[in-house]
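Spelled out from the first residue to the last, the chains are:
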Amino acid sequence: MASSPITHEQVFIGPGLSRFKRIVTVVGVIGIIMLVLWIAIHQGASAIGSSIAAILFILGFVLYLRIVAPVPFTITVNGENVVKQSRNGESIALRWDDITRVKEEFFPNGTRISVTVYRVVTEAQQKSKAWAVYRDDVTNLDGLAETLKALKAQHCQWQSETVHE
């Protein structure tokens with residue numbers, strides 16, 4: 001059970017990739033493709049093989065960017081549970097009794113870097129680390145950490161660590 005009851009829930013938002021970064025990346029990739037095609041046209045038949053290889057390399061890079069792009073998510077915290085739900089449908093719901101440890105990391109100057117939530121493992125393929133969020137991932141990391149700290153269960157360990165010393 002949480003140490004202090006809360007009557008309303010708080011939602012923390014992870015916006016994902018910003019529109020500006022997405023547009024700049026698309027324009028950059030299109031520019032590189034245009035450059036490769038321009039070189040291929042001006043070099044003639046001798047550049048066909050290398051142009052195809054360059055286009056395949058660029059498409060592989062675009063696929064990589066799609067895989068690693070941050071997905072928007074929300075973290076909902078209330079008196080009963082913590083739910084992290086991403087826009088692609090992944091949802092991790094943890095009751096307070098299932099959370100064993102929360103770890104926060106700080107830079108030496110006191111700036112919070114991340115918050116990681118660990119759970120009780122109930123299935124063979126499940127990992128104890130439920131999720132982690134970093135300063136750039138969520139709009140209010142400090143607020144999220146303070147809310148988790150205020151509502152954590154008695155048995156839940158709170159671990160603060162300074163890194164990059």
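Structure first, text after, so check above.
Keep in mind that what you see is a predicted model, and the values were worked out from it rather than measured.

(A) Representation of the nonpolar core within the structure. Counting 23 residues, the largest nonpolar core has Ile-75, Val-77, Trp-131 and Leu-148 as the members making the most contacts within it. Elements with a minimum of two residues in this core: strand E2 (73-77), strand E4 (91-95), strand E5 (99-106), strand E6 (112-119), strand E7 (129-134) and helix H3 (141-151). In terms of residue count, H3 provides more of this core than any other element does, 5 residues in total. With near-sequence residues (within four places) excluded, Ile-75 lies in contact with Gln-10, Val-11, Phe-12, Val-82, Val-83, Lys-84, Trp-131, Val-133 and Leu-144.

(B) Examining the environment of Glu-80 more closely. The topology assignment puts Glu-80 in the loop between E2 and strand E3 (81-86). A relative accessible area of 63% places Glu-80 in the exposed class. Once the C-alpha coordinates of Glu-80 and Arg-95 are considered, the two residues, 15 residues apart in sequence, prove to be 6.0 Å apart. The contacts of Glu-80, once residues within four sequence positions are left out, are Arg-95 and Trp-96.

(C) Structural detail: the pairing of E6. Burial of E6 is extensive: 8 of the 8 residues sit out of reach of the surface. For E5 and E6, the ladder comprises 7 bridges, and the chain directions are antiparallel. If you follow Lys-103 over to E6, its bridge partner there is Thr-116. Between E5 and E6, which pair antiparallel and follow one another directly, the connecting turn spans 5 residues, one of which, Gly-110, has a positive phi of 95 degrees.

(D) Region of interest: the pattern of salt bridges. Considering all chains together, one arrives at 7 salt bridges under this definition. As a salt-bridge pair, Glu-104 and Arg-112 come within 2.8 Å of each other at their nearest N and O atoms. For the pair Glu-104 and Arg-112, one class covers both residues: buried. Among the salt bridges present, the one from Arg-135 reaches Asp-142, with a minimum N-O distance of 3.2 Å.

(E) Layout of the sheet that holds E4. Taken together, the 4 strands give an open sheet; going across it, the order is E1-E2-E3-E4, and neighbouring strands pair in antiparallel fashion. With one partner strand each, in any of the chains shown, strand E1 (10-14) and E4 form the two edges of the open sheet. Sheet twist, expressed as the mean angle between neighbouring strand axes with direction ignored, is 10 degrees. For E3 and E4, the ladder comprises 5 bridges, and the chain directions are antiparallel. Bridge pairing in E4 links Asn-81 to Arg-95.

(F) Quick peek at the packing of helix H1 (residues 19-43) against helix H2 (residues 48-68). The interhelical angle for the contact between H1 and H2, taken along N-to-C directions, is 170 degrees, at an axis separation of 10 Å. With respect to their mutual orientation, H1 and H2 come out roughly antiparallel. In contact with Thr-25, Val-29, Ile-32, Ile-33, Val-36, Leu-37 and Ala-40 of H1, H2 contributes Ser-51, Ala-54, Ile-55, Ile-58, Val-62 and Leu-65. Grouping the amino acids of the contact of H1 with H2 by side-chain chemistry returns 11 nonpolar, 2 polar and no charged.

(G) Summary view of the side chain of Ser-86. Checked against the element boundaries, Ser-86 lands in strand E3. Separated by 2.4 Å, the side chains of Ser-86 and Asn-88 make a polar contact. In this structure Ser-86 touches Val-71, Pro-72 and Phe-73, once residues within four positions along its chain are discounted.

(H) The sheet that holds E6, seen in detail. Here 4 strands make up an open sheet; going across it, the order is E7-E6-E5-E8 and the pairing mixed. Whereas interior strands pair on both sides, the edge strands pair on one side only; in this sheet they are E7 and strand E8 (157-162). Averaged over all adjacent pairs, the angle separating strand axes in this sheet is 15 degrees, with direction ignored. Where E6 lies against E7, 5 bridges are found, and the strand directions are antiparallel. If you follow Val-115 over to E7, its bridge partner there is Val-133. Strands in contact with H3 are E5, E6, E7 and E8; relative to E6, the strand with the most contacts, it is inclined by about 40 degrees.

About the criteria used
Residues numbered from 1 in each chain as written. Predicted model: local features only at pLDDT ≥ 70, side-chain atom pairs only at ≥ 80, totals over all residues. Heavy atoms only, no water. Core = buried A, V, L, I, M, F, W, Y, C linked by side-chain atoms within 4.5 Å. Buried < 20%, exposed > 50% of the residue type's maximum accessible area, 1.4 Å probe, protein only. Helix = DSSP H or I, 4+ residues; strand = E, 2+ residues; numbered from the N terminus. Contact = heavy atoms within 4.5 Å. Pairing = 2+ DSSP bridges. Salt bridge = Lys/Arg side-chain N within 4 Å of Asp/Glu carboxyl O. Axes fitted to C-alpha atoms, helices over the stretch in contact; angles between N-to-C directions. Parallel < 35°, antiparallel > 145°, perpendicular 65-115°, else oblique. Nonpolar A, V, L, I, M, F, W, Y, C, P; charged D, E, K, R; others polar. Polar contact = N/O pair within 3.5 Å; in protein donor to acceptor, adjacent residues only side chain to side chain.

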